[in-house]
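# Architecture at a glance
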Amino acid sequence: MLSRSSFTSLVVGVFAVYVAHTCWVMYGIVYTRPCPAAVAAGGAAGCVWPYLARRPKLQLSVYTTTRSHIGAENNIDLVLNVEDFDIESKFERTVNVSVPKKTRNNGTLYAYIFLHHAGILPWHDGKQVHIVSPLTTYMVPKPEEINLLTGESDTQQIEAEKQTNALDEPVSHWRSRLTLNVMVEDFIFDGSSLPADVHRYMKMVHLGKTLHYLPILFIDQLSNRVKDLMVINRSTTELPLTVSYDKISLGKLRFWIHMQDAVYSLQQFGFSEKDADEVKGIFVDTNLYFLALTFFVAAFHLLFDFLAFKNDISFWKKKRNMIGMSTKAVLWRCFSTVVIFLFLLDEQTSLLVLIPAGIGAVIELWKVKKALKMTIKWQGIRPKIQFGTYNDSEKKTEEYDAQAMKYLSYLLYPLCIGGAGYSLLNVKYKSWYSWLINSFVNGVYAFGFLFMLPQLFVNYKMKSVAHLPWKAFTYKAFNTFIDDIFAFIITMPTSHRLACFRDDVVFLVYLYQRWLYPVDKSRVNEYGESYEEKPKKKAHRE
């Protein structure tokens, strides 16, 4: 079997190959091979030329209809008309859109965007391009939050009260933003190797002996965020729509197409609209250079997460006693990890945050079983839990642990109870369960670092840190600093974001103790044994 070092080297090697392969794939996406210059200069067959190179006068028209396919100008409404449309000029306009009765009754409304020659109606222009986008989507409305003591809410809407029994049913929501792009590069494609991603957006026409592609019109679906959605009520007759336009390069267009396909694939695999929205936010709210940094940061985060979990499990699997380890700190980490997981679950946080938190909670529960020396024996169908005994050294550690907790309880419990009472009086929640979980998690986030102090106190009393899992600590430290970056990228509760920076301070204190108490070979190491107590190998007989 592979040793621990060999397995770690294998994992790091696979990770390096994965990063290199991903960089190669990304290069293939953003770089497109142009038509050979010699052939292009002669205008020979085989190249696809840009129609925009002729600098035609264009017009942008946006229509709305309840039908997904239209054949003429019947039953459509013109909501925006931009004459003398300049593909190089960025703009943003807000218009009011009439909402048909069918859409108000939980129906769908579509936007048809036409790019055509100026002065000619779209359906009379043989060289027009158009694209269709739904202006509505279906989502389960967010439960209304109320004051649990008075029953007051921020919105006392009669319409919401009528739909109380249907809160679990998806209803139609209005997409208040429509982001358009046109690829403006005069790029000459090689007809024999057209990129498949761009090809589906291209419309070809023959002009003389050469083949041209019409302007590539693209709708940026990644800009459709959950925060911009509005519930469509039956009494609503008009809704605002912000139409924004900006030019786009070929490389970014291809990258954006792949990202939209990736988000769509996540939804097909069961990711909710909110989970997909978290992924969209990573792409939309950052520039491409920061996005590349985010990718590498996320990749290293996954690697360090795996190595931290591996070393933590290995450490506790071989742990034979609790000398130098704070049992109270282990219990607190388990409690806080489970509470944080339930809180993130209640807040419907992104799976990018939720899944690692769930795995961590399971590991912490297993560590509590090891720390308390619990054994479970089954008597028929009834389990019987037994606890092991502690030796003298472990009892001494427990005395230090209990002494630290005694001092902390004077400060911690009043703060947690006072915070829970304040939030009950002044903050609105969905239910009593939501208040209970929020109260617990606010105590964990605000004062949870205090429960890390017993371990620091035990280290101080024993003047040693050799009993700590430093390999796992190191990997977790790297992840802590990576979490600081993610705190500004991924949407998460503010309290969870602040907790990322709190962990930095705690780890720095551990590092100080590491420097203050150098490893002494006469003291126990991280596996509960000292170097001097290791059995010596028997000498070989001649």
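As the structure is a prediction and not an experimental result, all values here were calculated from the model.

## Let's talk about the sheet that holds strand E4 (residues 91-98)
A sheet is described by the order of its strands in space; here four strands give the open sequence E4-E15-E9-E13, paired in mixed fashion. Unpaired on one side and paired on the other, E4 and strand E13 (217-219) mark the two borders of the sheet. In this sheet, adjacent strand axes meet at a mean angle of 25 degrees when their direction is disregarded. Strands in contact with helix H6 (residues 250-268) are strand E9 (177-183), E13 and strand E15 (238-248); relative to E13, the strand with the most contacts, it is inclined by about 40 degrees.

## Some points on the state of the cysteines
One pass over the structure, following the stated rule, counts one disulfide. The disulfide partner of cysteine 35 is cysteine 47, and the gap between their sulfur atoms is 1.8 Å. Between cysteine 35 and cysteine 47 the sulfur-sulfur dihedral comes to about -60 degrees; the bridge is accordingly left-handed. Taken together, the residues cysteine 35 in the loop between helix H1 (4-30) and helix H2 (37-42) and cysteine 47 in strand E1 (residues 47-50) connect sequence positions 12 residues apart. Cysteine 35 gets classed as buried once you look at its relative accessible area, which sits at 8%. Accessibility expressed as a relative area gives 4% for cysteine 47, which makes it buried.

## A word on the environment of glutamate 83
Here glutamate 83 is to be found in strand E3 (residues 77-85). On the basis of relative accessible area, glutamate 83 is assigned to the exposed category, the value being 56%. Each C-alpha atom of the pair glutamate 83 and leucine 58 lies 7.3 Å from the other, and the pair is 25 residues apart in sequence. Dropping the residues within four chain positions of it, glutamate 83 is found in contact with Leu58 and Gln59.

## Here's the deal with unusual backbone geometry
Non-glycine residue arginine 55 carries a positive phi angle of around 55 degrees. Examined against the element boundaries, arginine 55 turns out to sit in the loop between E1 and strand E2 (58-65). Non-glycine residue asparagine 106 carries a positive phi angle of around 65 degrees. Among the structural elements, asparagine 106 can be located in the loop between helix H3 (101-104) and strand E5 (110-117).

## Some words on the packing of aromatic side chains
Applying the stated criterion across every chain, the model contains 14 aromatic pairs. With 5.8 Å between their ring centres and 85 degrees between their planes, tyrosine 63 and phenylalanine 114 make a pair best called edge-to-face. Of the two residues, tyrosine 63 sits in strand E2 while phenylalanine 114 sits in strand E5, which places them 51 residues apart along the sequence. Each member of the pair, tyrosine 63 together with phenylalanine 114, is buried. Measuring from centroid to centroid gives 5.4 Å for tyrosine 63 and tryptophan 123, while their planes differ by 50 degrees, and the two rings are tilted. Taken together, the residues span a long stretch of sequence, with tyrosine 63 in strand E2 and tryptophan 123 in the loop between E5 and strand E6 (129-134) at a distance of 60 residues. Residue class for tryptophan 123 comes out partly exposed when judged on its relative accessible area of 24%.

## Topic: the side chain of arginine 254
Tracing the backbone shows arginine 254 in helix H6. Here aspartate 197 takes part through its side chain, which lies 3.1 Å from a polar atom of the side chain of arginine 254. Filtering out sequence-adjacent residues up to four positions away, arginine 254 remains in contact with Gly28, Ile29, Tyr31, Thr32, Pro195, Asp197 and Val198.

## Points about the pairing of strand E11 (residues 204-207)
Because side chains alternate across E11, one face comprises the buried residues Val205 and Leu207, and the other comprises Met204 and His206, none of which is buried. Of the strand pairs in this sheet, E11 and strand E12 (residues 210-213) are connected by four bridges, and their pairing is antiparallel. From the neighbouring strand, histidine 206 faces E12, where its bridge partner is leucine 211. Turn length for the E11-E12 hairpin, with the two strands adjacent in sequence and antiparallel, is two residues, and the turn residue glycine 208 shows positive phi of about 70 degrees.

## Examining the environment of glutamate 278
Mapped onto the fold, glutamate 278 is located in helix H7 (residues 273-284). Expressed as a C-alpha distance, the spacing of glutamate 278 and valine 226, which sit 52 residues apart in the sequence, is 9.1 Å.

## So, H6
Relative to the 27 Å expected for 19 residues at 1.5 Å per residue, H6 spans 27 Å between its end C-alpha atoms, a close match to the ideal helical length. Within H6 the residues assigned to the buried category are Leu250, Gly251, Leu253, Arg254, Phe255, Trp256, Ile257, Met259, Gln260 and Val263.

## Digging into the pattern of salt bridges
Applying the stated criterion across every chain, the model contains seven salt bridges. A salt bridge links aspartate 190 to arginine 33; the nearest nitrogen and oxygen atoms lie 2.9 Å apart. Pair noted here: aspartate 190 is in strand E10 (residues 189-190) and arginine 33 is in the loop between H1 and H2, with a separation of 157 residues, a long-range link. Here arginine 33 falls in the partly exposed class, since its relative accessible area comes to 44%. Between aspartate 261 and arginine 200 there is a salt bridge, with its nearest N and O atoms 2.9 Å apart. Of this pair, aspartate 261 sits in helix H6 while arginine 200 is found in the loop between helix H5 (196-199) and E11, placing the two residues 61 residues apart along the sequence. Relative accessible area serves as the criterion here: at 34%, aspartate 261 is assigned to the partly exposed category.

## Topic: the UniProt feature "transmembrane region" (unreviewed entry) in the chain
Per the UniProt record, "transmembrane region" (unreviewed entry) is found at residues 7-27, 288-309, 330-345, 351-368, 407-425 and 431-453. The distance from the first to the last C-alpha atom of residues 330-345 is 23 Å, and the span holds 100% helix and 0% strand.

## Some remarks on the pairing of E12
As paired strands, E1 and E12 are joined by three bridges and run parallel to one another. In the sheet register, proline 50 faces E12, and the bridge partner there is tyrosine 213.

## Quick look at the sheet that holds E11
Strand order in the open sheet formed by four strands is E10-E1-E12-E11, and the pairing between neighbours is mixed. The two strands at the open ends of the sheet, each matched to only one other strand, are E10 and E11. Taken together, the two bridges between E1 and E10 define a ladder with antiparallel strand orientation. Among the inter-strand pairings, cysteine 47 is bridged to a residue of E10, identified as aspartate 190.

Basis of the calculations
Residues numbered from 1 in each chain as written. Predicted model: local features only at pLDDT ≥ 70, side-chain atom pairs only at ≥ 80, totals over all residues. Heavy atoms only, no water. Pairing = 2+ DSSP bridges. Helix = DSSP H or I, 4+ residues; strand = E, 2+ residues; numbered from the N terminus. Axes fitted to C-alpha atoms, helices over the stretch in contact; angles between N-to-C directions. Contact = heavy atoms within 4.5 Å. Disulfide = S-S within 2.5 Å. Buried < 20%, exposed > 50% of the residue type's maximum accessible area, 1.4 Å probe, protein only. Phe/Tyr/Trp six-rings, centres within 6.5 Å; stacked < 30°, edge-to-face > 60°. Polar contact = N/O pair within 3.5 Å; in protein donor to acceptor, adjacent residues only side chain to side chain. Expected span 1.5 Å × (residues − 1). Salt bridge = Lys/Arg side-chain N within 4 Å of Asp/Glu carboxyl O. UniProt positions renumbered as here; feature names shortened; annotations may be inferred.

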